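# Tertiary structure, described
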Amino acid sequence: MKLIALCGSARKHGNTSKMLHQVIEGAKSVGAETEFINLFDLTYKDCIGCCSCKLKNSKSYGHCVVDDELKPLLGRIEESDVIVLGSPIYYGNLSGQMRSFTDRLLFQYLDYGGTSTGPKPKNFKTALIATMNVSDEIYVERGFEDTLTSFAGIMGRTLGSCELLTLTNTVQFDDYSKYVYLMPDKEEKSNRVEKISAEDLQKAFDLGVRLVKA
């Protein structure tokens with residue numbers, strides 16, 4: 001089994017990256033081959049809507065033809081068995097870098113009006129990890145849960161089964177005194193010894209195991 005983890009955060013050692021690396025460790029523990037990619041290391045375009053991936057009886061059918069640094073990565077993804085996406089949540093949605101990537105990844109396999117089987121090479125196992133500053137209550141009240149659940153559903157229908165794992169109430173700054181932050185949880189987050197709880201790290205590790213073994 002090959003698992004590929006893709007990070008949509010510019011913070012190379014931030015919460016999203018740490019959760020994805022725990023997934024990787026879990027997958028490695030049961031013998032999987034793994035690869036980690038930070039999307040901010042690549043230069044690529046958004047989907048340009050050329051629809052070459054929809055042309056009947058063409059070599060481009062089911063494949064994005066935009067020739068940039070994402071193209072070889074999309075090829076390696078096709079050779080993998082498990083795809084894990086990780087993104088911080090900005091204004092209730094995935095990061096722009098991740099959205100640009102998923103537009104390219106998913107659209108090539110979309111079958112208009114079809115049964116969601118599409119031209120993908122196989123049924124992948126997938127997961128989406130979303131990290132955010134907001135509390136569990138705000139996550140639900142402001143519609144973040146609905147947005148991410150809907151996107152995980154799109155992932156599942158287009159690629160294969162998809163699990164959603166969220167990390168809420170994250171610590172954003174090493175030193176909160178340097179930044180304008182007026183939320184009531186400032187003191188608690190400033191004094192938190194562990195940026196991510198052992199329980200949440202274990203959930204990510206277990207996800208890696210589960211995706212490879214299931």
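Our subject is the structure listed above.
What you are looking at is a predicted structure, and each value in this text was computed from that prediction instead of being measured. Starting from 1, residues in each chain are numbered consecutively following that chain's sequence as written. pLDDT decides what is reported in this predicted model: residues at 70 or higher carry local features, side-chain atom pairs at 80 or more are listed and counted, and totals for whole chains, interfaces and linings draw on all residues regardless. In computing side-chain properties, one takes all heavy atoms of the structure into account and sets aside hydrogens as well as water.

### A word on the environment of H21
Turning to its location among the elements, H21 is positioned in helix α1 (residues 15–29). A sequence separation of 40 residues divides H21 from Y61, and the C-alpha atoms of the two residues are 33 Å apart. Here a strand is any run of E in DSSP of at least two residues, a helix any run of H or I of at least four, and the numbering for each starts at the N terminus.

### Structural notes on α1
Three- or four-residue spacings in an α-helix give side chains the same orientation, since the helix completes a turn every 3.6 residues. The span you would expect from a helix comes to 1.5 Å times its residue count less one. Taking 1.5 Å per residue, 15 residues should reach 21 Å; α1 reaches 21 Å between its end C-alpha atoms and fits that length. Residues of α1 that are buried include every one of N15, T16, S17, M19, L20, V23, I24, G26 and A27, and no others. Any two residues whose heavy atoms approach within 4.5 Å are treated as being in contact. Buried positions along α1 lie against β1 (2–7), β2 (33–38), β3 (82–90), β5 (125–131), β6 (162–167) and α7 (198–213). Count one or two residues on from α1 and you reach G31, which has phi positive near 90°. Think of it in three bands: with a 1.4 Å probe and only protein chains considered, a residue is buried below 20% of the maximum accessible area for its type, exposed above 50%, and partly exposed in between.

### Considerations on the pattern of salt bridges
Here, a salt bridge means any side-chain nitrogen of Lys or Arg that lies within 4 Å of a carboxyl oxygen of Asp or Glu. On inspection of all chains with the given rule, the structure shows 10 salt bridges. A salt bridge links E35 to K2; the shortest N-O distance between them is 3.8 Å. In this pair, E35 is assigned in strand β2 and K2 in strand β1, connecting sequence segments 33 residues apart. Considered together, E35 and K2 belong to a single accessibility category, that of buried residues. Salt bridges sharing common partners tie together K2, E35 and R76.

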